[in-house]
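# Secondary and tertiary structure notes
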Amino acid sequence: MRYKFTENKVTHLRLGLLAVSMFLFINVFGNAKITGDLTERTTVTEIAIFLPVDIYTNDQMETRYPVVNHKFSIDLDIKQPIFVKILIGARKIYFLVKPGDDIRFKYFDSGSIDNIIKFNGSNAPGQRWYNVYTYQPLNNFIGNGQLLDAISTGSLNQSLHALGLYVYKEGLPLDSLYRTRQVDKVFWTLAKTDLRSMHVLNMIRRITYLEDRISDKKLITKYKNIVRVLNRLAGPEDLLNTRSYFGKMSLGNYYSDSLYTVSNSNKEEVYHMGPYTGYQYAPNTLRQFLIGDILLFQQVTGTEEYDFKKAFNQYKKEFSKSAYITLINQLNKPAGTAGINILLDTVTTYNSIDDIKKHFKGKAVYIDLWATWCIPCRAEFGYYKSLMPMMKQKNIQPVFISIDAPAAKASWKKLVLMNNLEGAHILANSRLKADIVKLVYKNGQLSVPRYLLINNKGQVVDWNAPRPSDERLVKVISKL
């Protein structure tokens, strides 16, 4: 059976994928083009694209392109087949691009995910399949009951077979596109790598979670062995993973794992990067990507999880020709001062949500509850730029409320300015936090990010509003 998957067969499967991977690393340089028709999105004036960093995928740093007469065209200098992400408002669209590709698409304003985007040109059926399939990844993951049955019953090989069968079946639609020549070999191989990483990473995280919550020693050992084999299947040394989004996540998960770091504790620790220390033990070609990418991440988001300056100086010595160095140097500039549309309000006293309503009386208010230490909170900041024109048109005031301690005031101000967050910014005092806990969380646990929407009459219309990256937010605020 083609889907037979046991521990002994993992090595053969990995060798087969590696043989195909080598085909994708033949250096074929050339331009690719992505053309978009946004005729039905008349309010969109620009799009954001996450261009590759050399041969590596990028979801940290965006480049803005204008939309002229509801259309745009981007010429890409692509060195290797790679995934590229474009943001249209809050909508993410993924493209698997290789040298010479000509990809065209039309974006519609409404309808189901099956009908919102129409692709033409290079590998169009595959581009459509990938975007539909990954639109809601949670819907595609193995169910809790099925996962528990697979890993808790039978032998190790039987458990691995059940998990492998699930991944195999999920890839059948993509296999069908390849067999019927609707996608080429390059597209199929990279998309297959990404799909494999998506499911294996999800399985590893959930099995690890279960492992920490059981006491049966035999079952714990079995779970650890399943995770060990799944990690091998995910391809921890596969360069293709550096060019797909789920592949990138899989690599990060593997090399930041505490067990992996401990197993290399006898080696010299050159980089001291907190949770990312294990990245330095990756093979050289992967280390350049992993460390460069996480350095770029810190500069884009303003995190302070490790000594950036020391790590960056070491990286420049080791990888002096890395494309990440140029990008990071462009970003490595001191934060400026607050602009006319950024109000760091350290004067007004806000003791309650009612105080905020009164201060912005007559305006609708979109409240963003966040904290400097909250990575998901900061990940949403990049979506505000595309939302601001509609917010201004609808007279909606963005209000960012940080729940940080007073000692974090400097970091709070730095992040606001670095991300150029237009709106009013409040560092919540203890009374405002207490009121938020009472009204928003019903005296439960305060957790962020969280978003509130208040209309111009001072009425809270949504205590748990869609976040900026959620396309539903555009529809909600358009009705105010």
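See the structure printed just above.
Conventions and cut-offs
Residues numbered from 1 in each chain as written. Predicted model: local features only at pLDDT ≥ 70, side-chain atom pairs only at ≥ 80, totals over all residues. Heavy atoms only, no water. Axes fitted to C-alpha atoms, helices over the stretch in contact; angles between N-to-C directions. Helix = DSSP H or I, 4+ residues; strand = E, 2+ residues; numbered from the N terminus. Parallel < 35°, antiparallel > 145°, perpendicular 65-115°, else oblique. Contact = heavy atoms within 4.5 Å. Pairing = 2+ DSSP bridges. Buried < 20%, exposed > 50% of the residue type's maximum accessible area, 1.4 Å probe, protein only.

Orientation of helix H3 (residues 124-133) relative to helix H6 (residues 172-179), taken along the N-to-C sense of each, is 175°, at an axis distance of 10 Å. The orientation of H3 relative to H6 falls into the category roughly antiparallel. Mapping the contact onto sequence places Pro 125, Gly 126 and Trp 129 in H3 and Pro 173, Leu 174 and Leu 177 in H6.

Further remarks concern the sheet that holds strand E11 (residues 396-402). One open sheet holds the six strands; their spatial order is E9-E12-E11-E10-E13-E14, and the pairing between them is mixed. Here the strands that pair on one side only, and so sit at the sheet edges, are strand E9 (342-344) and strand E14 (460-462). Geometrically, the sheet is characterised by an average inter-axis angle of 25° between neighbouring strands, direction not taken into account. When E11 meets strand E12 (residues 423-427), the two strands line up parallel, connected through four bridges. Within E12, the residue paired with Phe 400 across the bridge is His 425. Helix H16 (residues 384-393) rests against strand E10 (364-370), E11 and strand E13 (450-454) of the sheet, and its axis sits at about 140° to E11.

Of all seven residues that make up strand E5 (residues 82-88), seven are buried, and the element is covered over most of its length. Burial along E5 is two-sided: Ile 82, Val 84, Ile 86 and Ile 88 facing one way and Phe 83, Lys 85 and Leu 87 facing the other are all buried. Across three bridges, strand E2 (residues 46-50) lies against E5 in antiparallel orientation. Bridging from a neighbouring strand, Phe 50 pairs with Lys 85 of E5. In the sheet, E5 pairs with strand E6 (residues 91-97) via seven bridges, with the strands oriented antiparallel. Considered in E6, the bridge of Leu 87 is made with Lys 92. Counted between consecutive antiparallel strands, the loop separating E5 from E6 contains two residues, among which Gly 89 sits at a positive phi close to 65°.

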